[in-house]
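Coordinate analysis (summary)
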There are 2 protein chains.
Amino acid sequence: MLYFITGNENKFREVKSILGGVEQLDVDLSEIQEIDAKVIINSKLKEALKHREGDFIVEDTSLYLDALNGLPGPLIKWFLKTTGNDGLAKIALSLGNNNAEAKTIIGYVEKSGAVSFFEGAVKGRIVEPRGDSSFGWDPIFIPDGYNKTFSEMSEEEKNSISMRRIALNKLKEYLSV
Amino acid sequence: MLYFITGNENKFREVKSILGGVEQLDVDLSEIQEIDAKVIINSKLKEALKHREGDFIVEDTSLYLDALNGLPGPLIKWFLKTTGNDGLAKIALSLGNNNAEAKTIIGYVEKSGAVSFFEGAVKGRIVEPRGDSSFGWDPIFIPDGYNKTFSEMSEEEKNSISMRRIALNKLKEYLSV
């Protein structure tokens, strides 16, 4: 059985719609303090293997700012908690560099313990918050080729350019070989 | 026996000079992903209790920027790794607010599992890096009332205004009651 470890129903729906036979496993795995998403994911996968038998996937979707040499990355939640989207946009704009990358990394571990990673990245730019503010950093990220933040897009539109989908398609290809 | 958990010889010397009967315990406790230093310390103390019998102290000394609503705090090492001191100073100066606080939090756990915290804080300001760059964020922090960064001070001078000493003296008082 393949388990996707997440507490997020929307993410699970997106993953299931692409991969098919996968079950949601909503367990809270501790997140080590790291900025390398692969190290965090790897640690979670190793923990998952101890919990039950199966194959597991864990994903991390983070925002990487050029002006901050890649921060916040997986530390995004702490920025949202302190500076907020307002503050994060202000940092990028004050530093005069609003280039950013939204990146999903999916880690997949097989019963044997072998871990593989699959990435999807979308380049874009940081702007002051626009649109519905309910989902993470969506209000401040505009993907290249668009004039709307993720928050200003419909779910279909956003999913059509999703970095998560790019990563998932790579995983799907891997699983089908 | 009272153990101070640290891999840092300098910190241990400072602690021993103030507390007296304390032994260094150089074990690498995992640091959970958090910005609340007390939560991180608490988790380490609980882990330490599992390792061996005794009383333990763990300290966190971090830099909190007003311009970042308290970041980086315990996340300082990731900023040093990405933006560096240069970048961190540039953020504060670009945002037009260089106020900062250097804060030590000491957590003390007794065999019973009871945890107490002791804090020492020094207010100051962020400047572009000056002086010896070998120790953390010392090159960019000037404590109030001084014109030198921590890096430009002698060890004695720095220790005389140390936020760690303030916290340690509180712990010492607590232990002597």
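Residues numbered from 1 in each chain as written. Chains lettered and ligands numbered in written order. Predicted model: local features only at pLDDT ≥ 70, side-chain atom pairs only at ≥ 80, totals over all residues. Heavy atoms only, no water.

Per an unreviewed UniProt entry, the recorded name for chain A is Ham1 family protein, and the organism is candidate division CPR2 bacterium GW2011_GWC1_41_48. Here chain A is described in UniProt, under the heading Sequence similarities (unreviewed entry), as follows: "Belongs to the HAM1 NTPase family." Its UniProt record gives chain A the following Subcellular location (unreviewed entry) comment, quoted word for word: "Cytoplasm". (UniProt positions renumbered as here; feature names shortened; annotations may be inferred.)

1. Brief notes about the interface of chain B and chain A
The partner chain A presents 21 residues to the 21 residues of chain B that form the contact. With both chains or domains summed, chain B and chain A bury close to 2,000 Å², and 67% of this area falls on carbon and sulfur atoms. Three residues stand out in chain B for area buried against chain A, namely Gln33, Trp78 and Thr82 of chain B, and they jointly supply 37% of the buried area on that side. Put simply, chain B and chain A have zero salt bridges between them. In this assembly, chain B and chain A are joined by six residue pairs in polar contact (both at pLDDT 80 or more). Taken together, the elements giving at least two residues each to the side of chain B that touches chain A come down to α3 (76–82) and α4 (84–94) of chain B. (Contact = heavy atoms within 4.5 Å. Buried area = accessible area lost by both parts, 1.4 Å probe. Salt bridge = Lys/Arg side-chain N within 4 Å of Asp/Glu carboxyl O. Polar contact = N/O pair within 3.5 Å; in protein donor to acceptor, adjacent residues only side chain to side chain. Helix = DSSP H or I, 4+ residues; strand = E, 2+ residues; numbered from the N terminus.)

2. Examining the side chain of Thr61 of chain B
Residues and elements named next belong to chain B. Relative to the helices and strands, Thr61 resides in strand β3 (residues 55–65). At 2.6 Å, the side chain of Thr61 and the side chain of Glu59 are in polar contact. Side chain to side chain, Thr61 and Thr104 meet in a polar contact 2.8 Å long. The residues touching Thr61, leaving out its near neighbours within four places in the chain, are Lys103, Thr104, Trp137, Met163 and Arg164.

3. Focus: α4 of chain B
Those residues of α4 of chain B that sit buried are Gly84, Asn85, Gly87, Leu88, Ala89, Ile91 and Ala92 of chain B. Those residues of α4 of chain B that are buried lie in contact with α4 (84–94) of chain A together with β3, β4 (72–73), α3 and β6 (115–126) of chain B. Following α4 of chain B by one or two positions, Gly96 of chain B has its phi on the positive side, about 75°. (Buried < 20%, exposed > 50% of the residue type's maximum accessible area, 1.4 Å probe, protein only.)

4. A look at unusual backbone geometry
All names here are of chain A. The residue after Leu71, namely Pro72, is reached through a cis peptide bond having omega -5°. With respect to the element layout, Pro72 can be found in strand β4 (residues 72–73). At Asn69, a position not held by glycine, the phi torsion is positive, near 50°. Within the secondary structure, Asn69 sits in the loop between β3 (55–65) and β4.

5. Quick notes on the packing of aromatic side chains
Residues and elements named next belong to chain A. Taken as a whole and assessed by the stated rule, the structure comprises 13 aromatic pairs over all chains. On the numbers, 5.6 Å between centres and 25° between planes, the contact of Tyr3 with Phe56 is stacked. Linking Tyr3 in strand β1 (residues 2–5) with Phe56 in strand β3, this pair joins segments that are 53 residues apart in sequence. With respect to class, Tyr3 is no different from Phe56; both count as buried. Where Tyr108 meets Tyr174, the ring centres are 6.1 Å apart and the plane angle is 75°; that geometry is what we call edge-to-face. (Phe/Tyr/Trp six-rings, centres within 6.5 Å; stacked < 30°, edge-to-face > 60°.)

6. Comments concerning the side chain of Thr104 of chain A
Residues and elements named next belong to chain A. Here Thr104 lies in strand β5 (residues 99–109). Owing to a relative accessible area of 0%, Thr104 belongs among the buried residues under this scheme. A distance of 3.4 Å separates a polar atom in the side chain of Thr104 from the backbone nitrogen of Arg164.

7. Remarks on the relation of the copies chain B and chain A
Between chain B and chain A, the superposition needs a rotation of 180° and an axial shift of 0.0 Å, giving an RMSD of 0.0 Å. The transformation relating the two chain copies, once decomposed into turn and shift, fits a two-fold axis. Looking at the rotation axis and the C-alpha trace of chain B, the residue lying nearest is Gln33 of chain B, at 2.0 Å. Interface residue correspondence from chain B to chain A reaches 100%, placing this contact among same-surface, isologous pairings. (Least-squares fit on C-alpha atoms with pLDDT ≥ 70 in both.)

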